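Survey of secondary and tertiary structure
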Amino acid sequence: MSPGRPTRRVLFGTASVAAAAALTAGTAWACPPDPGNQQTRVASAQGEGRDLGAHAGHGPREVGKTSQQVSDAIKGVKPVGNVPDAKESTSLVFMDYGKGKNKRTIMYVSGRFGLKAYDLTADPKSPPLVGKFDLPGFWQGEDTDADHKRKIIYLSRDPRAFGGNTDTGESGIYVIDVSKPESLKQLTYVKVPAGHTTSCVNDCRYLWTGGPAKASWMPADWGGRPVWVTDVRDPRRPKVFENPIDTGRNDGKTDYTHDIQVDAAGIAWASGRGGVRGYHTEGRHWDPVKKRFRKATAWDPVPYAGGGIDEATTNSSFMHNSFRAVGRTWNQGPDPRKWGVGQVLIVTEETFNEGCANDGLLVFASLKGSYGGQGWRSTPDNKFRLRTLSTWGVAGQEGSRPDTDDCSAHYFDIKNGVLAQSFYSQGTRFLDVRDPTNPKQIAYFRPDDSRAWAAYYHGKYVYVADHARGIDVLETTFGRG
């Protein structure tokens with residue numbers, strides 16, 4: 001079947017939900033090894049200092065364990081609230097309802113429990129729970145995305161959810177109607193060959209779903225799952241395109257696409273093993289690979305820029321998520337007067353190796369020299385790599401715990417040149433990134449029991465999704481928030 005013809009694969013999730021209720025949640029890992037093979041995979045990744053074809057993720061390390069040797073480390077921010085019943089949270093979505101004096105803001109929290117709704121309107125520091133959609137044992141909704149116009153949230157089901165694994169577990173997307181926060185309803189569920197993250201493209205008319213490691217029934221030469229596209233123009237009847245995209249991403253090898261971020265200019269940046277590559281998903285554009293102008297679609301995108309990250313500057317080839325300051329965000333990242341608008345890609349590397357200094361870093365890379373399709377022509381014998389401007393990690397930094405190896409970078413947000421990034425047990429760090437060659441830590445929030453997954457600027461506060469603590473609400477005091 002041609003890539004332009006979707007095949008309908010719609011299954012209702014009643015059985016899945018019922019099965020989930022009977023299962024208990026396991027140890028919380030962001031991108032964990034497969035059940036039954038955890039020690040082998042983690043040991044391999046640690047021993048080599050590089051990821052070896054499977055995103056190892058957290059090994060058997062402490063999860064939110066309080067240490068007797070260290071205490072909380074806080075600078076430049078003030079904790080003003082906490083939502084403890086949101087423990088095992090993974091990501092947040094802020095959605096507005098109404099306008100003016102009738103405006104209402106709901107914070108949706110995804111996690112091992114499914115989806116919870118908290119009303120920020122009256123008290124953004126201690127919001128009450130107003131609704132929930134229960135999926136006990138769910139995994140993973142790591143970077144949950146939403147259609148704010150149609151009031152729909154898409155929960156990405158990893159094959160390791162509900163006790164499954166990458167070989168036999170089912171992956172897919174739950175389509176949740178959130179038009180009434182007090183009454184969250186499942187519109188449908190659709191099976192998709194990938195299921196680690198699901199992201200909106202083209203104004204949420206289509207979804208891109210990627211990861212995790214490949215199943216045994218997938219091609220033997222794949223290193224992980226690429227991206228499958230789902231048409232959700234009719235959200236009750238999703239249609240999954242048969243042929244995946246973002247293939248050949250790792251020097252010509254199809255590998256693990258982890259997540260997609262769409263920048264303010266509409267470019268969809270696909271991060272994973274082998275780097276970060278950006279695509280046009282609509283309109284007519286020059287295709288530097290096919291050497292002609294052609295129409296870009298969600299299921300047949302046109303390459304734009306990007307490529308592999310120089311392994312000499314990082315601890316792996318696994319890139320987790322990214323950000324490019326362009327469009328309405330043109331002045332939020334590196335100083336555009338010096339570095340140009342949209343010429344710097346900020347990237348999270350997520351890797352868990354032996355020792356804190358060998359874990360995933362925050363990476364700043366230049367896109368210059370990558371607009372001619374170089375990232376799509378790279379091969380093991382003729383590699384193309386983006387130029388790394390700098391990297392930053394928590395090892396040895398002020399405020400860091402000396403007694404943990406759980407130091408990988410994870411999701412971040414950015415505002416006024418200050419990047420807020422969570423580093424698991426090392427908490428959330430605030431970095432001045434105006435000069436991408438010299439990022440500087442200006443504040444941090446590292447509770448002793450931290451398991452920080454993602455930080456979000458919203459209004460006058462920063463909300464941290466912490467797997468062990470719930471949602472921490474912070475107020476910045478460093479003067480640039």
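Residues numbered from 1 in each chain as written. Predicted model: local features only at pLDDT ≥ 70, side-chain atom pairs only at ≥ 80, totals over all residues. Heavy atoms only, no water.

Attention shifts here to the overall build of the chain. Each helix and strand counted, the chain has four helices and 33 strands in total. Residues counted as buried form 61% of the 481 residues belonging to the chain. Within the chain, residue pairs in contact and separated by at least 24 positions form 62% of the contacts whose partners lie at least 6 positions apart. For the chain, the computed accessible surface area is about 17900 Å², with 48% contributed by carbon and sulfur atoms. (Helix = DSSP H or I, 4+ residues; strand = E, 2+ residues; numbered from the N terminus. Buried < 20%, exposed > 50% of the residue type's maximum accessible area, 1.4 Å probe, protein only. Contact = heavy atoms within 4.5 Å. Areas by Shrake-Rupley, 256 points an atom, 1.4 Å probe, with all protein chains shown as cover.)

Once that is clear, we can look at the pairing of strand β33 (residues 470-476). Summarising burial for β33: six of the seven residues are buried, a large majority. With six bridges joining them, strand β4 (residues 77-83) and β33 adopt antiparallel strand pairing. The residue bridging Asn 82 from the neighbouring strand is Asp 472, located in β33. Where strand β32 (residues 461-466) meets β33, five bridges bridge the pair, whose relative direction is antiparallel. Across the sheet, Tyr 463 pairs through a bridge with Val 473, a residue of β33. Linkage of β32 to β33, two consecutive antiparallel strands, is achieved through a turn of three residues. (Pairing = 2+ DSSP bridges.)

Reading across the sheet, the four strands line up as β5-β6-β7-β8 and stay open at both edges, with antiparallel pairing between neighbours. In the strand order of this sheet, the two ends are held by β5 (89-97) and β8 (129-134), each with one partner. Looking at each pair of strands side by side, their axes are set apart by 20° on average, direction ignored. As defined by bridge partners, strand β7 (residues 114-119) adjoins β8 across five bridges and the pair is classed as antiparallel. Note on β8: the bridge partner recorded for Gly 114 is Asp 134. (Axes fitted to C-alpha atoms, helices over the stretch in contact; angles between N-to-C directions.)

Attention now moves to the confidence of the model for the chain. Mean pLDDT over the chain stands at 88; residues scoring 70 or higher make up 85%. Between residues 7-29, whose pLDDT stays under 50, and residues either more than four places distant or in other chains, the model counts 61 contacts. Note that residues 32-63 has pLDDT below 50 and, in this model, 77 contacts with residues that lie over four places away or in other chains. (pLDDT = per-residue confidence, 0-100.)

Here we take up the sheet that holds strand β19 (residues 275-280). Sheets are built from strands paired through backbone hydrogen bonds, the pairs being either parallel or antiparallel. As summarised here, the arrangement of the eight strands in space is β17-β18-β19-β22-β26-β25-β24-β23, forming an open sheet in which the pairing is mixed. Pairing within the sheet leaves two strands with one partner each, and these edge strands are β17 (257-262) and β23 (319-324). The average angle at which neighbouring strand axes cross in this sheet is 30°, direction not considered. Pairing geometry for strand β18 (residues 268-272) and β19, over five bridges, is antiparallel. Each bridged residue has a counterpart across the sheet, and for Ala 268 the counterpart in β19 is Tyr 279.

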